[in-house]
Amino acid sequence: MSVSDPNISRETPVIRQLDDAAINRIAAGEVVERPASAVKELVENAIDAGATRIDVAIADGGKTLIRVTDNGCGIAPDQLPLALSRHATSKIDGSDLLNIHSFGFRGEALPSLGAVGKLTITSRAQGHDAATIRVTGSATDPVKPAALNQGTVVELRDLFYATPARLKFMRTDRAESQAIGDVIKRLAMAEPWIGFTLRDVSGGGEGRVTFRADAASGDLFEALHTRLTKVMGPEFTSNALKIDAEREGITLTGYAALPTYSRGAAVAQFLFVNGRPVRDKLLTGALRGAYADFLSRDRHPAAALFLECEPDRVDVNVHPAKSEVRFREPGVARSLIVTAVRAALTGAGHRASTTVAAETLSAMRPEMTDQPRVYQMDRRSGYAAPYTPSVQARDAAYAAQAPLMDAPGFAEASMPSARFEPVAEQPQLDALPLGAARAQVHENYIIAQTETGMVIVDQHAAHERLVYEKLKHQMAEKGVASQALLIPEIVELSDGDAAALLAHAENLARLGLVIEAFGPGTIAVRETPAILGEINAENMLRDVLDELSDLGESQLVQEKLEAILSRVACHGSIRSGRRMRAEEMNALLREMEATPHSGQCNHGRPTYVELKLSDIERLFGRT
């Protein structure tokens, strides 16, 4: 700030009461950030009204038109003017702001939208005639009769026309439309029993449907599975694990994908609290922590998780757009996500994503052309008469296929890097998920035959995961060996930071990091995990503090220990280039079947690829 140019004038400032129009425009700046924000508020109102069908129409990315039509309870004619007043709502009585069961509760959305755009509400409540009201830039017209069978139609035109400066910050129509689609899809996942339609009417007329999800039926998981298949795609649901857990009054349901079905960015993570879509760093951090042992840092899990608890245990009134929440007991919510997802991944055993096989097959297939593939045996039918090669063509073909007298044959050629073992007795393939070993190629890949196809196993990656799981199990049973420091390392911190660390001293001690108080704001590090070798204890403690302040708990020491175990497993596993006997290969396959998480290596890559016989036949054009 410059002294010569103060923020307010040098004269004594005068406090003024802003008029309602200015107040509404300021509120709109918080609530309505972009067209997608307006769609979110209007669709949430429709859900709160008990609608079972919601249709959304937009034009020019929502900048010129947003129309939301629902079949909810509607608004009585005498209530329409009140609906456009600030902080007027039918969802709470104001006595308890923590006991909230609806999406909306502030009563700010409609007056804010009317302050920055041209808003028209047409509604019909049961037992009343339909009526409409219009507001333009906070100027409200009187209520008029209208024609409507049921529900409510809210139409917003020329968004931000009253604040043209905001239009300069809007993105392209395509980007805004994509943001609106994302909002609709999140709300559709939260409400699988409601039908949603999103239509782009930029060109006029009926426009084109960009998203449609009919109301699902069945129990919670059936309806959710149907809706997630529509929103996230069938690949997600076919590779997702069911989550159903409860801890201390908080329930967690949903689906989490296998580690081998991971993404390059966190674009397939959807989290909900009491049915409300949220983007909360506590919950996303917990989801990341649940997959920390299975994915590298550049890969991200895919999941749709729903937390449910009593409304008074979570505060949803901490963000203008209600996209963040604050739990009364954040540690319970975080640990529930971590333990439930890890339990589901453990229960999946050696299972790997089906997309691994699909990617393998697509890599094998030639590039598609406009012309259909024609095989040599089918070419004759393309001629008017049976085709017979000429004598010259036959002689040239015979000469080309004749063996060269001075060239080595198969017997004399150098042995290829592949081998197979005869099987003494035919195993029951239906009882072996990963089949029976038939060959080893390039001294690195095991070929196994299953009842329905074949499996290709990366012997090094598979054994590395098996050794890693054994080391983790041993560490959990015997504990972490610690090494006492000859001279304790003294770390000076603030009183608050020291108290936070000492509160977690027992958990850290189980991981081999022993600390104790050493005066005000001072910590003495007496023992460190032996497997980590020589470490900088002060840096580790400060990193632990950062995690504690950010997430409420720290997994740093655990992650460092597991990283060391992973490196030990890598060096102690079967190396690439080692020839394995048939019994060794089969033993590896059986151990993979019995070991959780063996479907992916320590970095989240698949340890095996399964190809169905039907897929192999399709590669050769046999189907």
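In what follows, the structure referred to is the one given above.
It should be emphasised that the depicted structure is a prediction, and the values quoted were computed from it without experimental measurement.

Thoughts on the overall build of the protein chain
Right, so step 1: A count of helices and strands for the protein chain gives 19 helices and 24 strands.
Right, so step 2: Here the protein chain holds 623 residues, and 44% of them are scored as buried.
Right, so step 3: For the protein chain, the proportion of contacts with a sequence separation of at least 24, taken over those separated by at least 6, is 68%.
Right, so step 4: For the protein chain, the exposed area adds up to about 33300 Å²; of that, 53% sits on carbon and sulfur atoms.

Considerations on the sheet that holds strand 21 (residues 482-492)
Right, so step 1: Spatial ordering of the open sheet is given by 21-23-22, a layout of 3 strands whose pairing is antiparallel. If you trace the sheet from one side to the other, it starts and ends with strand 21 and strand 22 (514-517), each paired once. Ignoring strand direction, the axes of neighbouring strands in this sheet form an average angle of 20°.
Right, so step 2: Two elements, strand 22 and strand 23 (residues 522-529), share 4 bridges in a ladder whose sense is antiparallel. Across the sheet, residue A517 finds its bridge partner in strand 23, namely I523.
Right, so step 3: Packed on one face of the sheet, helix 14 (residues 495-503) meets strand 22 and strand 23 and runs near 35° to strand 23.

Brief notes about the environment of S335
Right, so step 1: Secondary-structure assignment places S335 in helix 10 (residues 330-347).
Right, so step 2: Take S335: its relative accessible area is 18%, and that puts it in the buried class.
Right, so step 3: Remark: the alpha-carbon pair of S335 and G289, spanning 46 residues in sequence, is separated by 9.6 Å.

Remarks on the nonpolar core
Right, so step 1: Core analysis: the biggest nonpolar cluster contains 60 residues, and V43 and I54 have the highest contact counts within it.
Right, so step 2: If you tally residues by element for this core, the top one is helix 6 (residues 173-190), at 8 residues.
Right, so step 3: By size, the runner-up hydrophobic cluster in this structure holds 35 residues, among which are V278, Y291, L336 and A348.

Concerning the sheet that holds strand 10 (residues 240-247)
Right, so step 1: The 5 strands are arranged 10-11-14-12-13 in an open sheet whose pairing can be described as mixed. Only two strands of the sheet have a single neighbouring strand rather than two, namely strand 10 and strand 13 (276-278). Averaged over all neighbouring strand pairs, the angle between strand axes comes to 20°, with direction disregarded.
Right, so step 2: Bridge count between strand 12 (residues 269-273) and strand 13: 3 bridges; the pairing is antiparallel. When the bridges of strand 13 are listed, V273 appears paired with R276.
Right, so step 3: Its contacts with the sheet place helix 6 against strand 12, strand 13 and strand 14 (303-308), and it is angled at close to 55° to strand 12.
Right, so step 4: Of the strands in this sheet, strand 12, strand 13 and strand 14 touch helix 9 (residues 281-290), which is tilted by about 130° from strand 12.

Brief notes about the packing of aromatic side chains
Right, so step 1: Inspection of the entire model under this criterion finds 3 aromatic pairs.
Right, so step 2: Where F272 meets F306, the ring centres are 4.4 Å apart and the plane angle is 5°; that geometry is what we call stacked. Linking F272 in strand 12 with F306 in strand 14, this pair joins segments that are 34 residues apart in sequence.
Right, so step 3: Residue class for F306 comes out buried when judged on its relative accessible area of 8%.
Right, so step 4: In this structure, K242 packs its charged tip against the face of F221, placed 4.2 Å from the ring centre.

With respect to the pairing of strand 20 (residues 453-458)
Right, so step 1: Note: strand 19 (residues 445-449) against strand 20, 5 bridges, orientation antiparallel. Its bridge partner lying in strand 20, Y445 is registered against D458.
Right, so step 2: Between strand 19 and strand 20, which pair antiparallel and follow one another directly, the connecting turn spans 3 residues.
Right, so step 3: Bridge count for strand 20 against strand 24 (residues 608-612) is 5 bridges, and the pairing is antiparallel.

Quick look at the pattern of salt bridges
Right, so step 1: One pass over the full model with this rule turns up 26 salt bridges.
Right, so step 2: Across the salt bridge formed by R542 and E538, the nearest N and O atoms sit 3.3 Å from each other. You can see R542 and its partner E538 sitting in helix 16 (residues 537-551), 4 residues apart, about one turn around the helix.
Right, so step 3: For E538, a relative accessible area of 30% gives the class partly exposed.
Right, so step 4: For E593, the salt bridge is made with R590, and the minimal N-O distance between the two is 2.9 Å. One end of the pair, E593, and the other, R590, are both in helix 18 (residues 582-594), 3 residues apart, so they sit about a helical turn from each other.
Right, so step 5: A cluster of three or more residues bridged by salt bridges with shared partners is formed by R53, D55, R212 and D214.

Some points on the packing of helix 6 against helix 7 (residues 220-232)
Right, so step 1: As a packed pair, helix 6 and helix 7 sit with axes 9 Å apart at the nearest point and diverge in direction by 165°. It follows from the interaxial angle that helix 6 and helix 7 lie roughly antiparallel. Handedness of the helix 6/helix 7 crossing: left-handed. On helix 7, the residues touching K185, A188 and M189 of helix 6 are L224, R227, L228, V231 and M232.

Conventions used here
Throughout, residues of each chain are indexed from 1 in the direction in which the sequence is written. For a predicted model such as this one, the threshold for reporting local features is a pLDDT of at least 70, and the threshold for listing and counting side-chain atom pairs is 80 or more; totals across whole chains, interfaces and linings nevertheless cover every residue. Derived side-chain values reflect all non-hydrogen atoms in the structure, with water molecules and hydrogen atoms excluded from consideration. Secondary structure elements follow DSSP: runs of H or I no shorter than four residues count as helices, runs of E no shorter than two count as strands, and numbering proceeds from the N terminus. Per-residue accessibility, obtained with a 1.4 Å probe over protein chains only, is compared with the maximum for each type, and a residue is labelled buried under 20%, exposed over 50%, and partly exposed between these values. Any two residues whose heavy atoms approach within 4.5 Å at even a single point are treated as in contact. Per-residue and other accessible areas were derived by the Shrake-Rupley procedure at a 1.4 Å probe size, with only the shown protein chains allowed to occlude residues. The criterion for strand pairing is that DSSP finds at least two bridges linking the strands in question. The angle between two axes is taken between their N-to-C directions and runs from 0 to 180 degrees, where each axis is a line fitted to C-alpha atoms and a helix contributes only its stretch in contact. Take the buried Ala, Val, Leu, Ile, Met, Phe, Trp, Tyr and Cys residues and link them wherever side-chain atoms come within 4.5 Å; each set so joined is a nonpolar core. Classification of ring pairs uses Phe, Tyr and Trp, with its six-membered ring standing for Trp, and accepts pairs whose centres are within 6.5 Å; under 30 degrees between planes counts as stacked, over 60 as edge-to-face, and the remaining range as tilted. Consider the ring centre and the ring normal. A charge sits over the ring if Lys NZ or Arg CZ is within 6 Å of that centre and within 35 degrees of that normal. For this document, the term salt bridge refers to a Lys or Arg side-chain nitrogen within 4 Å of an Asp or Glu carboxyl oxygen. Any angle between 65 and 115 degrees counts as roughly perpendicular, while under 35 counts as roughly parallel, over 145 as roughly antiparallel, and the rest as oblique. It is the rotation of the near helix from the far one that decides the hand of a crossing: anticlockwise by less than a right angle makes it left-handed, clockwise makes it right-handed.

By themselves, these observations are geometric and do not establish any function.
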